[in-house]
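Spelled out, the chains give:
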Amino acid sequence: MRHVRGRVLDARERVETPWRAALAISGQSIWWLDPGDWSVRVNREAPHFSSDWAERSIAWEEWLSHAEPADQPRLRHALRQCLEGVHDDFRCEYRIRQAGGRLRWCLSRGQLVMLHGQQMLCGSLVDITAEKQFADERDRLNSVLMEEKERLRAILTSIEDAVMAVDSEGRVTFFNPAAEHLAGRLEGDALGCHATSLFSLSNGTTSADEPALMRCLRTGQSLTLASPVELVNYRGRRFQVRGTLLITRSPEGDTTGAVLTLHDVTYSISLLQQLDHSARFDTLTSLFNRRSLEARLQCILSHAEASSVLCALIVLDIDRFKLINDLAGHHAGDRLLSDVGQLLRDQVSEGSMVARLGSDEFGIIAPFDSLEQARLFTDALLQKIRARPFEWGGRMHDITASVGLVLFGRMPFETGELLGKADIACLSARHAGGDRVCVFDLNQPEVQQYASRMNVAVDMREALRQERFMLYGQQIVSLEGSGVRNVEILLRMRDQDDNPVSPAVFIPVAEQYGLMPAVDRWVIHQTLIRYGPRLAETHGRISINVSGASLGDENFTAFLCHTLGASCLPPSRLVFEITETALIGHLDSARQLVAALRNKGCLVALDDFGSGLSSFSYLQQFDVDIIKIDGAFIRRLDSQPLDRAIVESILGVAAHIKAITVAEYVENQTVYDLLQGMGVHYAQGYHMHVPESLDTLLSVSGSRALT
């Protein structure tokens, strides 16, 4: 017999003691369920469950009451399945609430056994709380990992860059949709395939017999494709791509694969090429454009001193192109431009350049040995154009051209200067009737005239910016003795040397080169805004001229109404003069302007009345307040009976429509007296008042001139 702490152990205890010790160490408890009376016994080595259960029988319901209520149905069901023989053994995981309120997970397992001739359900009870907590944490981490993985996949799926992953042997492990597009294969078909079988990358740093990807995997070095490289997929489709081949490594530093991120720049490069092409070439004719011709001209001029070759700059305009364009339509005009462009391209030699400069204007730069050779070339060019009539819509149109020619070599020219000379020569050829060549020569009267006009046009643009325009005024005197003196606003200009430039010189130039809308706006703004407060102190009417170009400007009416609203001058004191020539081609816009002005309370005058064949017809189309009789009928009124008869007829029509009449260009007392006797309301001319600056008219000493 053995002694334990002073007590003698019998044989049974000697057998059970090791087992009890083993159970205590294992953390398991043993329980027995007697199906006869539904009593349960638990060994005392399970104190972490319930210390008051040890070594005593408890009722099944008491046992069950310690389980979490939510788990009790599952525990009952598992026990019933075992006792009824549905399952050979009993197994159930459930929670037990301990005395402190803590929940512990336990695993209970058991089997039916025969003990001392009695059937018992014998089982074990194990605390699996730690395992459950570990499993929960593992599930949570797996869930977080899956969420992160799905988020990453969503990001990689949505981005425009192609992303693909390969293992250390180059086999595909991941493909996003953009990669599918580049490779031409779906991810499901590509997974496991060798990447080099799906596409190839051409890269200057990689030898022809080793793909870039495999070189990176072999060397373990990542690669950045900063410059576009060509990707060819297995279908033979080609792309331009930029990107990176990034090597992935294990914790030990071994190469595990690579991630390829490729950005498709095919469209961007194509767009840049198109932009570059459009920046250098004309879209309609596929010829070079003005910018390219100017660049070539600049290049030639910069090397002129080192070269003995003579070159010619040729500018060609199609005669009557606008007429063909208007009659046959813009499609016909485009076709004509394309045909002429092709003809010019066919006629020039290698080393020459043909460009479309704009609208119906073409330019050629070609080398020649002499001026005579250049003239022969341009004469032959005109003959070729003349010999090819243009057919459209069943109608034949004879085509001719005006050509300007400038020869240059070692002389120090600027690009703009040469183009200007060629333009002047071309305009001279057109002015002479077209279908001819004009060589730039300042000794020719036509060239002198157009050179002078172009210089004036350039100077006018500078004058607008430098405030070299001035407003003058000329009185319009009443012939009825009222004493009221109106004034017409006139425009004057000084050149850069402060010398006066005649309106007869700069007004036609402004009309030819499209400067009149800007000039009109300047005059109106100066009159209504700058001089408005001073003019408001006078009592006469103020007349302002409106050009035909402004009538054709769709924004002019809005500008005029806005300026009227900003001026302190009453609209009833303002007269806007429109000439007959301005009305030609602008009838619709003129109606809108006249209606807007009269709606504002302004007066409208028909200027130079009688100068055209349709003078009287305009009175049926417009409500005018004032008729200004053309000075051509006034100058010789005292000597030409026919002029007097015309003036009398105009006065009769004016009286019928209740319009005020003004006679222009009154230059002597005899004409003045005749007009007064005929019943003309007002007279204007040098006999009564020589135009002077508006500042002088509005000065303190001269302010009575407008009262």
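Residues numbered from 1 in each chain as written. Predicted model: local features only at pLDDT ≥ 70, side-chain atom pairs only at ≥ 80, totals over all residues. Heavy atoms only, no water.

Asks: Help me out: how do you make sense of the environment of Arg171 in this one?
Replies: Turning to its location among the elements, Arg171 is positioned in the loop between β9 (162–167) and β10 (172–175). C-alpha of Arg171 to C-alpha of Ala190: the two residues are 19 residues apart in sequence and 8.9 Å apart in space. In contact with Arg171, other than residues within four places in its own chain, are Ala165, Val166, Gly192, Cys193 and His194. (Helix = DSSP H or I, 4+ residues; strand = E, 2+ residues; numbered from the N terminus. Contact = heavy atoms within 4.5 Å.)

Asks: Just to check I follow, could you spell out a nonpolar patch on the surface for this structure?
Replies: A cluster of nonpolar side chains, Tyr267, Leu271, Leu272 and Leu275, forms an exposed patch at the surface whose accessible area comes to about 440 Å². Structurally, Tyr267 is set in helix α8 (residues 266–280). (Patch = residues over 30% accessible without salt bridge, like charges linked within 9 Å, V, L, I, M, F, W, Y side chains within 5 Å. Areas by Shrake-Rupley, 256 points an atom, 1.4 Å probe, with all protein chains shown as cover. Salt bridge = Lys/Arg side-chain N within 4 Å of Asp/Glu carboxyl O.)

Asks: Sorry, what's going on with the pairing of strand β16 (residues 310–318) here?
Replies: Both faces of the sheet carry side chains from a regular strand, because those side chains alternate between them. Among the 9 residues in β16, 8 count as buried, and that is most of the element. Looking at chain direction, β16 and strand β18 (residues 361–368) are connected through 8 bridges and run antiparallel. For Leu310, the partnering residue across the bridge sits in β18 and is Phe368. (Buried < 20%, exposed > 50% of the residue type's maximum accessible area, 1.4 Å probe, protein only. Pairing = 2+ DSSP bridges.)

Asks: Mind showing me how you'd approach the environment of Ala258 here?
Replies: The residue Ala258 is located in strand β14 (residues 255–264) in this model. The class for Ala258 is buried, based on a relative accessible area of 1%. As for Ala258 and Leu246, which are separated by 12 residues in sequence, their C-alpha atoms are 5.4 Å apart. Every residue in contact with Ala258, bar those within four places of it in the chain, is listed here: Met164, Ala165, Val166, Leu213, Leu217, Leu246, Ile247 and Thr248.

Asks: Can you help me understand the sheet that holds β9 in this one?
Replies: In a beta sheet, neighbouring strands are held together by backbone hydrogen bonds and run either parallel or antiparallel to one another. In spatial order, the strands read β10-β9-β14-β13-β12-β11; together these 6 strands make up an open sheet with antiparallel pairing. Both edges of this open sheet fall to β10 and β11 (199–202), since each of them pairs with a single strand only. Across the sheet, the mean angle separating the axes of adjacent strands is 35° when strand polarity is ignored. Looking at chain direction, strand β13 (residues 238–249) and β14 are connected through 9 bridges and run antiparallel. Residue pairing for β14: Ile247 is matched across the bridge by Ala258. (Axes fitted to C-alpha atoms, helices over the stretch in contact; angles between N-to-C directions.)

Asks: Please explain the side chain of Ser402 as it appears in this structure.
Replies: Here Ser402 is to be found in strand β21 (residues 401–408). In contact with Ser402, other than residues within four places in its own chain, are Val315, Leu316, Asp317, Asp319, Cys426, Ala429, Arg430, Gly434, Asp435 and Arg436.

Asks: What is the right way to look at the pattern of salt bridges in this model?
Replies: Two side chains carrying opposite charge are able to pair once their charged atoms lie near each other. A complete count under the given rule lists 31 salt bridges for this structure. Across the pair Glu61 and Arg76 runs a salt bridge, and its minimum N-O distance is 3.3 Å. Here Glu61 is found in helix α2 (residues 60–65), whereas its partner Arg76 is found in helix α3 (residues 72–83), with 15 residues between them in sequence. One salt bridge in this structure joins Arg238 and Glu230, with 2.8 Å as the shortest N-O distance. Three or more residues are tied together by salt bridges with common partners; here these are Glu488, Glu577, Lys628 and Glu664.

Asks: Even after reading the chapter, I still don't get the packing of aromatic side chains, so can you show me in this structure?
Replies: One pair of aromatic rings is described through two measures. These are the centre distance and the angle between the planes. For the coordinates displayed, the defined rule picks out 9 aromatic pairs. For the ring pair Trp31 and Phe90, a centre distance of 5.9 Å and an interplane angle of 90° mean the geometry is edge-to-face. Of the two residues, Trp31 sits in strand β3 (residues 28–34) while Phe90 sits in strand β6 (residues 89–97), which places them 59 residues apart along the sequence. The exposure classification of Trp31 matches that of Phe90, with both residues buried. Among the aromatic side chains, those forming a connected cluster through ring pairs are Trp31, Trp63 and Phe90. (Phe/Tyr/Trp six-rings, centres within 6.5 Å; stacked < 30°, edge-to-face > 60°.)

Asks: What is the right way to read the sheet that holds strand β7 (residues 103–115) from this model?
Replies: Read across the open sheet, the 6 strands follow the order β5-β4-β3-β8-β7-β6; overall the sheet is antiparallel. Single-partner strands in this sheet number two, and they are β5 (57–59) and β6. When strand polarity is set aside, the average angle formed by the axes of neighbouring strands in this sheet is 30°. Note: β6 against β7, 9 bridges, orientation antiparallel. Within β7, the position partnered with Glu93 by the bridge is Leu107.

From the geometry alone we can't say anything about function, so treat these as descriptive.
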